[in-house]
Amino acid sequence: MNRLRSILGRRVVRVGEIPVRSINETKYRIRTSYDPGAMSELAESQENLGQIQPILVTPTTGQKYNLIYGSRRLLSLKKKGKQSVTATIVTGVTDQDAIVIALAENLQRESLTPFEEGAAILKLIKEYEMQPAEVGKMIGKKLPWVTGRLRLLGAPKELQEMYTKKSLSLGHIEALALVTPPERQVQLAREAVKSRLSASELVELLREEGAREVQERRSRAIITSKKARLRIRGFEKYLRLTLSKLKGNITYGETHNLKVALRSLSKAIENILKELED
């Protein structure tokens, strides 16, 4: 978090009232959903106490601003018909710095979903060529936390909706993120919701299922190996018989018979190789 303080510390910062219509909310947006309960509490707080904390913006051109964080506060004020908002205005902020600030601020408030956190981290990695460890250092999180959030981005949409509706916890989602394919994740998630499994119970279920799958693979491998040995023995017997016929029946100049025998032998080899592949 020292990096964040240094970002703001070396910029020109002032606080003032700015028109709501002058704010662009989309450039650095990392939030994609709003919890209705939290929004209701915020609206009630603003009704009783007013806007306690300014939003953070950075100026662009023509007296316009890009919102860095404070989207919920701004949305609530707009719904109340407010024409202006109190804002901390910071200049000289790069796009990369703005996203880091927005992510760190929301993490401190625990106001993003894990999927929104992962998407913001991925944006920093892809667009600004940052390493996961570097992102973690800047936002005060360890590397396993960062990689865990990135892993969640592969979760099917249905799982994300279950989390938003509080049908599944983060523990459920993290456990299912290790399952393949995605269709199996959805199937297991539905079973967990239907059976009201806790995250630890789901982890145990997945562990048992994994153990069964390993045992089944071993059994299949043993059976396949036995079949292969039997086929090879059969081929060896066929090969000996064919070669003995060639040795006993083909004399000098009988090339036609040799060609026919070799073609037959080649076909047999091809068939046995196909069987071994199956």
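1. Re the packing of aromatic side chains
The geometry of an aromatic ring pair is captured by the separation of the ring centres together with the interplanar angle, meaning the angle of the planes.
Argument step 1. Scanning all chains against the criterion turns up one aromatic pair.
Argument step 2. Look at Phe115 and Tyr163: their rings are 5.7 Å apart centre to centre, the planes differ by 85°, and that puts the pair in the edge-to-face class. Here Phe115, found in helix 5 (residues 114-128), pairs with Tyr163, found in helix 8 (residues 157-164); they are 48 residues apart in sequence, far enough to count as distant.
Argument step 3. Taking relative accessible area as the criterion, Tyr163 reaches 22% and is therefore assigned partly exposed.
Argument step 4. Taking NZ or CZ as reference, Lys141 lies 5.1 Å from the ring centre of Trp145, over its face.

2. Section: the confidence of the model for the protein chain
Argument step 1. Put simply, the protein chain has an average pLDDT of 79, and 65% of its residues get 70 or more.
Argument step 2. No element of the protein chain has a lower mean pLDDT than helix 1 (residues 2-9), which averages 56, and none a higher one than strand 2 (residues 23-24), which averages 94.

3. What to know about helix 3 (residues 71-79)
Argument step 1. Those residues of helix 3 that sit buried are Ser71, Arg73, Leu74, Ser76 and Leu77.
Argument step 2. Gly81 sits one or two positions beyond helix 3 and adopts a positive phi of about 85°.

4. Description of the side chain of Arg73
Argument step 1. Here Arg73 lies in helix 3.
Argument step 2. One buried charge, Arg73, has no salt-bridge partner; the nearest side chain with opposite charge is Glu105, at 4.3 Å.

Thresholds applied
Residues numbered from 1 in each chain as written. Predicted model: local features only at pLDDT ≥ 70, side-chain atom pairs only at ≥ 80, totals over all residues. Heavy atoms only, no water. Phe/Tyr/Trp six-rings, centres within 6.5 Å; stacked < 30°, edge-to-face > 60°. Helix = DSSP H or I, 4+ residues; strand = E, 2+ residues; numbered from the N terminus. Buried < 20%, exposed > 50% of the residue type's maximum accessible area, 1.4 Å probe, protein only. Lys NZ or Arg CZ within 6 Å of the ring centre and 35° of its normal. pLDDT = per-residue confidence, 0-100. Lys, Arg positive; Asp, Glu negative; His and termini not counted. Salt bridge = Lys/Arg side-chain N within 4 Å of Asp/Glu carboxyl O.

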